[in-house]
Amino acid sequence: MGFLLIRKRVIRIASQVLIILLLSEICIAINFSANFVFGDSLVDVGNNNYIISLSKANYFPNGIDFGRPTGRYTNGRTIVDIIGQEVGFEDLTPPYLAPTTAGPVVLKGVNYASGGGGILNLTGKIFGGRINLDAQIDNFENNRQDIISSIGAPAALNLIQRALFSVTIGSNDFINNYFTPVGLVPKRELIPPQVFVNTMIARFRLQLTRLYNLGARKIVVANVGPIGCIPFERDTNPSAGNDCVGFQNQLVQLYNKELRRLIEERRTSLVGSNFIYADVYRIVEDILQNYKSYGQRETNESFRGLRVEMHPAAMWLGDSVA
């Protein structure tokens, strides 16, 4: 039970920080028309239930706050569930692949996220089925056409431009791509870190621009958390001892730096856009460094507890295996 309390506490802290960020930068007076969610297992609410994949969350203790597994890689609501309700949506945003996500339901928003998914299309290949970001945007485009058919093009464009979009993705591109062996050799031995980061950023630029061209204007983009601190990386890199794995965190910080530049560039160059950079890395780092102020006795207890409780995935701090 202690692990569940820890999990809830960190989600609450992170959501409060991100809600403040959202409302202060986007403007508290905005009435969001819909909530469209893109990402990986950190925000998947059940899409992977409907595909053949090794990345699944349809078993306990996932979903125990709901009384049953829902496909969320956590005991209860995801961070986007919480934020969605805090900014005014009464219902939780449904998964795209659910049979009931159709008709008027789509007008309030859809969750396209998939455990194991990434920015790059090869990411998560080890899981078999997963929906990477390009395919998620394809699915949004399908829903966009449904909305146009339902209420007409002018009303549809107005709805999409007033909607909240969030993109939480990238950690799998490191854990389940760059650090995954090709044969017996990890990609990091074959591809320089800066080259891999540049590849991610170049692809992400095209994807974010595509969302904009489809009508998205208010887009929150979460960076990647300190994946060198998750148990999966610490356990597979014993030389780090009780510390976080330095190389993994350095690479993520390199990516986050380039991501911040990308977000600023997109916000400046795409007329009418409002891109928000959500600094998840800083939030989790603060929790780790100031754990006592969050009611924890030690960092290993809180951080490892988070991961054991909902293994294998979730939390806005990087996927371990999903």
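Located above this text is the structure these notes cover.
The numbering scheme is per chain: residues are counted from 1 as the chain's sequence reads. Selection of residues for local features in this predicted model requires a pLDDT of at least 70, selection of side-chain atom pairs for listing and counting requires 80 or more, and totals for whole chains, interfaces and linings are taken over all residues. Here the side-chain values reflect all heavy atoms present in the structure, with hydrogen atoms and water set aside.

*Asks:* Explain the pairing of strand E5 (residues 218-222) to me, using residue names and the numbers behind them.
*Replies:* The classification of residues rests on relative accessible area computed with a 1.4 Å probe and restricted to protein chains. Under 20% of the type maximum is buried, over 50% is exposed, and intermediate values are partly exposed. Helix and strand assignments come from DSSP, with helices taken as H or I runs of at least 4 residues and strands as E runs of at least 2, each series counted from the N terminus. Buried residues dominate E5, accounting for five of its five residues. Along E5, one buried face is formed by Lys218, Val220 and Ala222 and the opposite face, lined by Ile219 and Val221, is buried too. Across five bridges, the pairing between strand E2 (residues 164-168) and E5 is parallel. Bridged to valine 167 within E5 is valine 221. Here the rule is simple: two strands pair whenever DSSP picks up at least two bridges between them.

*Asks:* I'd like a description of the layout of surface pockets, backed by residues and values.
*Replies:* Unoccupied space between atoms shows up once a probe the size of one water molecule is rolled over them. For cavity detection a 1 Å grid was placed over the protein atoms alone, and a set of points counts as a cavity when a 1.4 Å probe fits there but cannot get out; an open set counts as a pocket when protein lies on both sides within 12 Å along at least five of seven lines, with lining residues being those that have an atom within 4 Å of a point. Grid points are joined across faces, edges and corners, and a volume is the space filled by probe spheres set on the points. Looking at the largest pocket, its volume works out to about 300 Å³. The wall of the largest pocket is formed by 15 residues, among which Gly88, Phe89, Glu90, Asp91 and Lys108 lie closest to the centre.

*Asks:* I'd like a rundown of the packing of helix H5 (residues 171-178) against helix H6 (residues 193-213), residues and numbers included.
*Replies:* Axes here mean lines fitted to C-alpha atoms, for a helix over just the part in contact, with angles spanning 0 to 180 degrees between N-to-C directions. Contact geometry for H5 and H6: axes closest at 11 Å, N-to-C directions at 130°. The angle between H5 and H6 falls in the class oblique. With respect to the hand of their crossing, H5 and H6 are arranged in right-handed fashion. Along its contact with H5, which presents Asp173, Phe174, Asn177 and Tyr178, the element H6 presents Pro193, Phe196 and Met200. Classifying every residue of the contact of H5 with H6 by side-chain character gives five nonpolar, one polar and one charged. When describing relative orientation, an angle under 35 degrees is termed roughly parallel and one over 145 degrees roughly antiparallel, while 65 to 115 degrees is termed roughly perpendicular and anything else oblique. Each crossing gets its hand from how the near helix is turned against the far one by less than a right angle, where anticlockwise is left-handed and clockwise is right-handed. Contacts: residue pairs with any heavy atoms within 4.5 Å of one another. Ten residue types, Ala, Val, Leu, Ile, Met, Phe, Trp, Tyr, Cys and Pro, are classed as nonpolar, four, Asp, Glu, Lys and Arg, as charged, and the remainder, Gly among them, as polar.

*Asks:* Outline the nonpolar core, listing residues and values.
*Replies:* Side-chain atoms within 4.5 Å link the members of a nonpolar core, which is a set of buried Ala, Val, Leu, Ile, Met, Phe, Trp, Tyr and Cys residues. Membership of the largest hydrophobic core comes to 49 residues, with the highest contact counts inside it found for Phe36, Phe38, Phe165, Phe174, Phe204 and Tyr255. Looking at this core, the element that brings in the most residues is H6, giving eight residues. Ignoring sequence-local partners within four residues, the contact set of phenylalanine 165 consists of Phe36, Phe38, Phe140, Ile160, Leu211, Ala216, Lys218, Ile219 and Val220. Counting residues in hydrophobic clusters, the runner-up holds 18 residues, among them Phe32, Val43, Ile79 and Val284.

*Asks:* Can you lay out the packing of helix H3 (residues 133-151) against helix H4 (residues 153-161) for me, pointing to particular residues and giving the numbers?
*Replies:* Between H3 and H4, the least distance of the axes is 7 Å, while the angle of their chain directions is 130°. It follows that H3 is oblique to H4 by the angle criterion. Judged by the sense of rotation from one axis to the other, the crossing of H3 with H4 is right-handed. Touching Phe140, Arg144, Ile147, Ile148 and Ile151 of H3 are Ala153, Ala155, Ala156, Leu159 and Ile160, all from H4. Taken together, the residues that form the contact of H3 with H4 break down as nine nonpolar, no polar and one charged.

*Asks:* Tell me about the state of the cysteines, residues and numbers included.
*Replies:* Here, the term disulfide refers to a pair of cysteine sulfur atoms separated by no more than 2.5 Å. Per the stated rule, a full pass over the model turns up one disulfide. Put simply, cysteine 229 and cysteine 244 are joined by a disulfide, and their sulfur atoms are 2.1 Å apart. Between cysteine 229 and cysteine 244 the sulfur-sulfur dihedral comes to about 110°; the bridge is accordingly right-handed. Linking cysteine 229 in the loop between E5 and helix H7 (231-236) with cysteine 244 in the loop between H7 and helix H8 (246-269), this pair joins segments that are 15 residues apart in sequence. What makes cysteine 244 partly exposed here is its relative accessible area of 29%.

*Asks:* Outline the environment of serine 41, listing residues and values.
*Replies:* The topology assignment puts serine 41 in the loop between strand E1 (35-39) and helix H2 (79-86). Separated by 127 residues in sequence, serine 41 and threonine 168 have C-alpha atoms that sit 9.1 Å apart.

*Asks:* Help me get a handle on unusual backbone geometry, residues and values and all.
*Replies:* Residue proline 61 follows phenylalanine 60 across a cis peptide bond; omega there is 10°. Along the chain, the position of proline 61 falls in the loop between E1 and H2.

*Asks:* Which residues make up the environment of serine 114, and what values do they have?
*Replies:* Mapped onto the secondary structure, serine 114 falls in the loop between H2 and H3. Using a relative accessible area of 0% as the deciding quantity, one classes serine 114 as buried. As a C-alpha pair, serine 114 and glycine 129 span 15 residues in sequence and 9.3 Å in three-dimensional space. Filtering out sequence-adjacent residues up to four positions away, serine 114 remains in contact with Gly39, Asp40, Ser41, Asp44, Asn48, Ile51, Arg130, Ile131 and Gln136.

Shape is all these values report; function is a separate question.
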